[in-house]
Each structure stands twice: as C-alpha cells, then as structure tokens.
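# Understanding the architecture of this molecule
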Amino acid sequence: QVQLVESGGGLVQPGGSLRLSCVAFGTIFSINTMGWYRQAPGKQRELVATISSGGRTNYADSVKGRFTISRDNAKNTVSLQMNSLKPEDAALYYCNADVRLYKGYADMNYWGEGTLVTVSS
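Residues numbered from 1 in each chain as written. Predicted model: local features only at pLDDT ≥ 70, side-chain atom pairs only at ≥ 80, totals over all residues. Heavy atoms only, no water.

Another point: the pairing of strand β8 (residues 77–82). As paired elements, strand β3 (residues 18–26) and β8 share six bridges and run antiparallel to each other. Residue pairing across strands places L18 opposite M82, the latter belonging to β8. The loop that links strand β7 (residues 67–72) with its antiparallel partner β8 comprises four residues; one of these, N76, has a positive phi angle of about 55°. (Pairing = 2+ DSSP bridges. Helix = DSSP H or I, 4+ residues; strand = E, 2+ residues; numbered from the N terminus.)

Structural data, given as structure tokens:
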C-alpha cells in the first residue's frame, strides 16, 4: 500500500558530497517520523538521521555536522544531504517512514529497498 523509493546514491571520492532523496507513494493520510538508516557489508543496520513531521531532527554521532536531513511534508519526501563523505560512510542507505494510511489508524513502518553509496578514490 505504501512504497518508499530512494534515489541519489552513487560513487563519490572522500571529501565529496551526495544528496539522497526518498519519496513515499501510495495510500497516505500522514507521515510521522521519516529517516535514513544504513548498512555496510558485515555490519548491522544503523540509524543515520531521523526527522519528525514537525521538523525535529536526530543524528548519529558519526554524521553530526556533515549530514543534514530535511523533508517536504506536502510532497511526502525526505532528503539527506551528505557532505565531507568518508570511506566509512559507504553503505546501502535505506529510507524509513512511519505512515498513517487513514485517519484514526495506527502508524505503520515502511522501508525502501535502499540506495548504494560508495566512497572511494
């Protein structure tokens, strides 16, 4: 009923920048928290950043000061501006959202399929 579609991944040199975007499609009454998570090979999925519907943000310590999360509630999108990228930022980045399908219903959590970020010279 809801799809999250990420875009913007790719190959970038250390110190470079990328901007990830995610759009939510489907039956949507409202979206609460949206966020980005990442998973590197051999590691667990970890939180990168989240943003509430009111704009309150939360970042992993490892990305504070380098990454900025933003959202457009009217377009059901969330973006992640990544600057000063490091090799350790390389991972599959997943979009996540708590979506309310209908008024009065509980939020349901959805994941995108991921977009790959490679940081290498």
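Resuming the write-up.
With 32 residues, the main nonpolar core has W36, L80, M82 and Y93 as its most contacted residues. Those elements giving two or more residues to this core turn out to be β1 (2–7), β3, β4 (30–39), β5 (46–51), β7, β8, β9 (91–100) and β11 (115–119). With five residues, the single largest contributor to this core is β9. Not counting the four nearest positions on each side in its chain, L80 is found in contact with L18, R19, L20, W36, V48, A49, F67, T68, I69 and Y93. (Core = buried A, V, L, I, M, F, W, Y, C linked by side-chain atoms within 4.5 Å. Buried < 20%, exposed > 50% of the residue type's maximum accessible area, 1.4 Å probe, protein only. Contact = heavy atoms within 4.5 Å.)

Its identity as a non-glycine residue notwithstanding, N76 has a phi of 55°, on the positive side. Non-glycine residue S84 carries a positive phi angle of around 50°. Relative to the assigned elements, S84 resides in the loop between β8 and β9. S84 sits in the partly exposed class, given a relative accessible area of 39%.

A regular strand carries its side chains on alternate faces of the sheet. Across the ten residues that make up β9, a large majority, seven, are buried. In the sheet, β4 pairs with β9 via eight bridges, with the strands oriented antiparallel. When the sheet's bridge partners are listed, Y37 is paired in β9 with Y94. Sheet analysis places β9 next to strand β10 (residues 108–111), joined by four bridges and oriented antiparallel. Opposite N96, over in β10, you have W111 as the bridge partner.

So, on to the side chain of N96. By the secondary structure assignment, N96 is in strand β9. Residue classification places N96 among the buried residues on the basis of a relative accessible area of 7%. Within the structure, the side chain of N96 is placed 2.9 Å from the side chain of N109, a separation counted as a polar contact. Setting aside residues up to four positions removed in sequence, N96 forms contacts with L4, T33, M34, G35, Y37, N109, Y110 and W111. (Polar contact = N/O pair within 3.5 Å; in protein donor to acceptor, adjacent residues only side chain to side chain.)

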